[in-house]
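# Structure assessment
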Amino acid sequence: MTQEVQIQANIFSSLITRFSNYQNEAVGALSNKIQALHFDFYYGKFQALNDLSLAIKERSITALIGPSGCGKSTFLRAINRMHDQNPTARAAGRIFLDGQDIYGPFTDPLLLRRRVGMVFQRPNPFTLSIFDNVAYGLRVAGWKDKKRIAERVEEVLHQAALWNEVKDRLNHSGLGLSGGQQQRLCIARTIAPKPEVILMDEPASALDPISTLKIEETMFELRQEFTIIIVTHSMQQAARVSDETAFLLMNAETRAGELIEAGPTDQIFTNPQDKRTEDYISGRFG
Amino acid sequence: MSQKEENSSFYEVWQRRTQHGDLLFGWLTLFFGLVVITLVFAIGYVVWSGSAEARDRFGFGFLFQTGWNPVKHNFGAMPAIYGTLVSSLIAVTLAGPLGILIAVFLSELCPLHLRNPLSFLIELLAAIPSVIYGMWGVFVFIPFFKSGIAKPLASTVGQWLPLFAGPVAAGRGVMVAGIILAIMILPTIAAIAREILAVVPNHQREALLAVGATRWEMIWYGVLPYSRAGIVGGIMLGLGRALGETMAALMVIGSAKSTIENSLFAPGITAAALIASELPNANDSLHESTLILIALVLFGITLILNILARLLVWQVSRGPVGTIRA
Ligand SMILES: Nc1ncnc2c1ncn2[C@@H]1O[C@H](COP(=O)(O)OP(=O)(O)OP(=O)(O)O)[C@@H](O)[C@H]1O
Ligand SMILES: [Mg+2]
């Protein structure tokens with residue numbers, strides 16, 4: 001009898017310790033702009049991400065690298081709940097934005113997406129004019145004053161290094177631009193409503209070196225204001241633009257993506273702690 | 001030396017082309033393309049020459065003439081033109097927006113497990129023969145329409161708006177025909193619009209969502225503008241079906257061939273229904289020739305509306321200046 005009570009008390013106290021550990025971890029983590037804690041992600045039965053914990057610092061550029069299929073896009077899209085559209089997708093664990101649980105009951109995905117903008121791999125301008133492509137996001141965010149909208153559009157088109165190319169044809173369709181111009185238009189559209197975080201999924205993968213360089217310059221400038229997370233397959237790009245780097249890899253058995261190593265970019269590239277990171281960076285696999 | 005090589009490679013390319021039937025295939029498709037064009041001209045010629053007698057007799061004024069008396073040889077196309085246009089217009093105004101809404105529901109909002117059964121059902125509706133729609137109209141819809149819609153409308157709005165004036169005695173009329181036609185073309189429009197919406201790439205939807213748009217804004221500003229050309233095309237197909245529909249229209253429109261009434265509740269006639277109802281017992285050559293002339297008029301109406309539709313599609317799909325997508 002007493003033994004039984006003893007056992008139950010043990011279980012109880014161990015539960016308490018585990019819970020408070022979790023709490024401590026969480027409290028320590030809340031100082032970061034974004035903090036993933038034991039985050040899992042599933043497409044139906046398939047687990048795409050396993051136990052991912054990662055901190056993203058404010059006003060910095062974080063690069064997500066890793067071989068194809070390791071879950072980089074999955075994680076990125078989880079941060080602004082882009083998966084909500086997919087009925088089979090399911091998240092477990094936590095991602096905090098400024099200490100607020102992104103998947104918590106009090107988070108409205110629409111407000112979240114205004115704070116967390118996204119640039120996609122394929123340029124996807126709206127079927128609107130160049131001007132309206134940028135202005136639309138502003139209108140959604142509640143901007144009313146036409147003059148202020150026009151000013152902001154010009155400002156961000158400058159920021160995205162596109163203004164000189166489009167200033168004479170703002171009322172032309174955004175779809176009439178070249179691929180690189182379209183992508184810079186999408187970047188302008190994303191930064192216009194001043195989100196706090198910008199997610200970029202291989203933003204330069206379809207672009208020529210010059211456009212890529214322009215986009216990288218833009219990102220560098222944006223770092224003053226925004227927190228940027230970029231997925232890239234180019235080691236050089238990651239090394240060039242990012243402050244922090246996180247390396248993901250697919251677990252060979254479970255096929256779920258896992259975080260292998262994260263840290264300052266210099267350190268990851270010059271002195272990786274994990275053998276697999278070193279192999280990937282030096283191009284030995286992936 | 002190099003000359004010879006070039007020649008031989010040209011010969012090889014030529015051989016490969018002929019070997020796989022590129023040329024033959026080209027000629028074959030050209031042939032069938034020409035067959036279609038010939039058919040159009042053949043039909044046009046038959047209708048043109050067959051209506052020669054009536055055209056000579058009535059001239060251009062036939063289009064604007066009312067009256068229909070086969071015995072006294074007093075014919076006018078105006079009631080048929082009016083009935084055709086108005087009933088089809090009613091059909092498209094009702095079925096167009098509704099069909100788009102159904103398509104939006106099916107492709108954007110509907111739970112996954114309902115999507116396929118519902119889409120199948122809609123396509124099934126499109127396959128029901130029109131005579132069945134007509135019968136349903138006569139036995140089910142008209143009685144309801146008469147007491148539930150026409151009479152209340154006629155006694156209130158109809159007092160000062162001639163368009164909805166009574167009497168609604170028989171119930172058959174242009175309005176009913178338009179509504180039955182709307183029901184008939186609704187599945188066509190919905191099915192086509194659904195297919196069009198289904199091929200809107202997901203990145204367009206995500207682009208809207210990523211700036212914080214609601215689902216509704218995503219549909220209204222992203223999905224629909226992207227697919228507007230195709231949707232207009234679908235509506236035009238529905239309109240074509242409504243214009244040419246014979247049986248269902250004939251059964252519910254009331255066959256008033258000689259006059260045009262102000263009220264939409266009054267009986268009327270459509271061109272196709274007129275031809276179908278009179279051709280079997282047209283026993284003098286002028287009567288027959290007049291009916292063929294009506295066919296020519298219908299041919300003209302569809303042609304003109306289709307050209308207008310093309311222009312419309314072209315106009316809307318151009319969007320802002322410089323759109324590259326057709
Ligand atoms: N919508 C989906 N439904 C089911 N499985 C998916 C879906 N999207 C991605 N996956 C799977 O999840 C895993 C991770 O995909 P993800 O797109 O995140 O990889 P990635 O790291 O971005 O790869 P890449 O570098 O090729 O873009 C892959 O195994 C992929 O097949
Ligand atoms: Mg990806």
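Residues numbered from 1 in each chain as written. Chains lettered and ligands numbered in written order. Predicted model: local features only at pLDDT ≥ 70, side-chain atom pairs only at ≥ 80, totals over all residues. Heavy atoms only, no water.

### What to know about the overall build of chain B
We count it as follows: Note on conventions: DSSP H or I runs of at least 4 residues are helices, E runs of at least 2 residues are strands, and numbering of each starts at the N terminus. Computation of the radius of gyration draws on C-alpha atoms, with the globule rule given as 2.2 Å multiplied by the number of residues to the power 0.38. Classification of residues uses two cut-offs on accessible area relative to the type maximum, computed with a 1.4 Å probe and protein chains only: under 20% is buried, over 50% is exposed, and between them is partly exposed. We call two residues in contact whenever any of their non-hydrogen atoms come within 4.5 Å of each other. What sets the accessible areas is the Shrake-Rupley method with a 1.4 Å probe; for residues, cover comes only from the shown protein chains.
Helices and strands together make up the secondary structure of chain B, namely 12 helices and 2 strands. In chain B, the succession of α and β elements from N to C terminus is α-α-α-β-β-α-α-α-α-α-α-α-α-α. The C-alpha atoms of chain B give 25 Å as radius of gyration, which overshoots the globular expectation for 326 residues (20 Å, by more than 25%). Residue burial in chain B is summarised as follows: out of 326 residues, 42% are buried. Relative to all contacts within chain B whose residues are 6 or more apart in sequence, the contacts with residues 24 or more apart total 73%. Carbon and sulfur atoms form 70% of the exposed surface of chain B, whose accessible area is close to 17600 Å².

### Things to note about the site of ligand 1
Residue and element names in this part refer to chain A. Put simply, the rule is: Nearness here has a simple test: a residue counts as near a molecule or strand if at least one of its heavy atoms is within 4 Å of that partner. Under the rule applied, a polar contact is a pair of N or O atoms within 3.5 Å (in protein, one hydrogen donor and one hydrogen acceptor; residues adjacent in sequence only if both atoms are side-chain atoms). Amino acids outside the nonpolar list (Ala, Val, Leu, Ile, Met, Phe, Trp, Tyr, Cys, Pro) and the charged list (Asp, Glu, Lys, Arg) are all regarded as polar, and Gly is one of them.
Near ligand 1 there are 13 residues, and of these Ser68, Lys72, Ser73, Thr74 and His233 occur at the shortest range. At 2.4 Å from an oxygen atom of ligand 1 is found a side-chain nitrogen or oxygen belonging to Ser68. Backbone polar atom of Cys70 to an oxygen atom of ligand 1: 3.3 Å apart, as the coordinates give it. Taking 630 Å² as the accessible area of ligand 1 by itself, protein coverage stands at 64%. Every element with two or more residues in the shell around ligand 1 is listed here: β2 (46–56) and α2 (72–79). Tallying contributions element by element places α2 first for the shell around ligand 1, with 3 residues. When the residues that make up the shell around ligand 1 are grouped by side-chain class, the tally is 4 nonpolar, 7 polar and 2 charged.

### Details of the domain arrangement of chain B
Residues and elements named next belong to chain B. How we decide: All domain edges in this entry derive from an automatic or database-based domain assignment. Buried area is understood as the total, over both parts, of accessible area removed when two parts are fitted together, assessed with a 1.4 Å probe. Salt bridges are defined by distance alone: a side-chain nitrogen of Lys or Arg within 4 Å of a carboxyl oxygen of Asp or Glu.
The assigned domain composition of chain B is domain 1 (1–50) and domain 2 (66–316). With centres defined by C-alpha atoms, the gap from domain 1 to domain 2 works out at 40 Å. Between domain 1 and domain 2, the contact holds 7 residues from the first and 5 residues from the second. Contact between domain 1 and domain 2 buries roughly 440 Å² in total, counting both sides, with carbon and sulfur atoms accounting for 83%. Contact with domain 2 buries area across many residues of domain 1, yet Val47, Trp48 and Gly50 alone supply 76% of it, more than any other trio. Remark: the boundary between domain 1 and domain 2 carries 0 salt bridges. The interface formed by domain 1 and domain 2 includes 1 residue pair in polar contact (both at pLDDT 80 or more). Of the residues in the side of domain 1 that touches domain 2, the class split is 5 nonpolar, 2 polar and no charged.

### Observations concerning the packing of aromatic side chains
Ring pairs (aromatic) are described by centroid distance and by the angle formed between their planes. Which entries qualify depends on this criterion: Any two of the Phe, Tyr and Trp rings considered here, Trp counted by its six-membered ring, make a pair once their centres fall within 6.5 Å; the pair's planes then place it as stacked at under 30 degrees, edge-to-face at over 60, or tilted in between. Geometrically, a lysine NZ or arginine CZ counts as sitting over a ring once it is within 6 Å of the ring centre and also within 35 degrees of the ring normal.
Under the counting rule described, the total for this entry stands at 17 aromatic pairs over all chains. Residues Trp136 of chain B and Phe141 of chain B carry aromatic rings whose centres are separated by 5.8 Å and whose planes lie at 20 degrees to one another, so their mutual orientation is stacked. Classification of Trp136 of chain B by relative accessible area gives partly exposed; the value is 37%. A cation over a ring is seen here: Arg90 of chain A above Tyr42 of chain A, with NZ or CZ 4.4 Å from the ring centre. Against the face of Trp48 of chain B rests Arg55 of chain B, its NZ or CZ located 3.6 Å from the ring centre.

### Describing the nonpolar core
The condition that has to hold: Take the buried residues of types Ala, Val, Leu, Ile, Met, Phe, Trp, Tyr and Cys, join any two whose side-chain atoms come within 4.5 Å, and each joined set is a nonpolar core.
If you look at the biggest cluster of nonpolar residues, it comprises 109 residues, and the most contacted ones within it are Phe39, Leu64, Phe75, Ile79 and Ile95 of chain A together with Ile294 of chain B. When residues in this core are grouped by element, the largest group, 14 residues, is from helix α7 (residues 174–198) of chain B. Counting 43 residues, the second-largest nonpolar core is a separate cluster that includes Ile149, Val153, Ala192 and Phe226 of chain A.

### Comments concerning the confidence of the model for chain B
Residues and elements named next belong to chain B. Test applied: Confidence of the predictor at the level of single residues is given by pLDDT, which spans 0 to 100.
In the predicted model, chain B carries a mean pLDDT of 87, and 94% of its residues have values of at least 70. The spread of mean pLDDT over the elements of chain B runs between helix α1 (residues 2–19), the lowest at 68, and helix α4 (residues 78–109), the highest at 94. Contacts from residues 321–326, a stretch scored under 50 in pLDDT, to residues over four places away or in other chains number 16 contacts. With pTM at 0.81, the complex prediction returns an ipTM value of 0.83.

### Focus: the interface of chain B and chain A
As a measure of interface size, the accessible area lost when the parts come together is often cited. Counting residues at the interface gives 25 residues for chain B, matched by 27 residues for chain A. Carbon and sulfur atoms supply 62% of the area buried between chain B and chain A, which totals about 2200 Å² over both sides. Our enumeration of links across chain B and chain A arrives at 1 salt bridge. When the shortest N-O distance is used, the salt bridge between Arg77 of chain A and Glu206 of chain B registers 2.7 Å. At the junction of chain B with chain A, the criterion picks out 4 residue pairs in polar contact (both at pLDDT 80 or more). Contributions of two or more residues to the side of chain B that touches chain A are made by α8 (202–210) and α9 (215–244) of chain B. In terms of residue class, the side of chain B that touches chain A is made up of 14 nonpolar, 6 polar and 5 charged.

### Topic: the pattern of salt bridges
Residues and elements named next belong to chain A. Under the defined criterion, the tally for this structure stands at 23 salt bridges over all chains. A salt bridge links Arg139 to Asp132, with the nearest nitrogen and oxygen atoms 3.2 Å apart. Assessed through its relative accessible area of 41%, Arg139 is described here as partly exposed. Two residues, Glu165 and Lys214, come together in a salt bridge whose shortest N-O distance is 3.6 Å. Placement of the pair is Glu165 in helix α6 (residues 163–166) and Lys214 in helix α8 (residues 209–222), with a sequence separation of 49 residues. Relative accessible area serves as the criterion here: at 28%, Glu165 is assigned to the partly exposed category. Under the relative-accessibility criterion, Lys214 is labelled partly exposed at 28%. Three or more residues are tied together by salt bridges with common partners; here these are Lys33, Glu58, Asp98, Arg115 and Glu196.

### Details of a nonpolar patch on the surface
Residue and element names in this part refer to chain B. In plain terms, the rule: Here the term patch refers to residues with relative accessible area over 30% and no salt bridge, with like charges joined within 9 Å and nonpolar side chains (Val, Leu, Ile, Met, Phe, Trp, Tyr) within 5 Å.
A contiguous nonpolar patch, built from Phe10, Tyr11, Trp14, Leu23, Trp27, Leu30, Leu34, Ile37 and Phe41 and spanning about 1100 Å² of accessible area, is present on the exposed surface. If you list the elements that add at least two residues to the nonpolar patch, you get α1 and α2 (22–50). No other element matches the 6 residues that α2 contributes to the nonpolar patch. For Trp27, the position within the fold is in helix α2.

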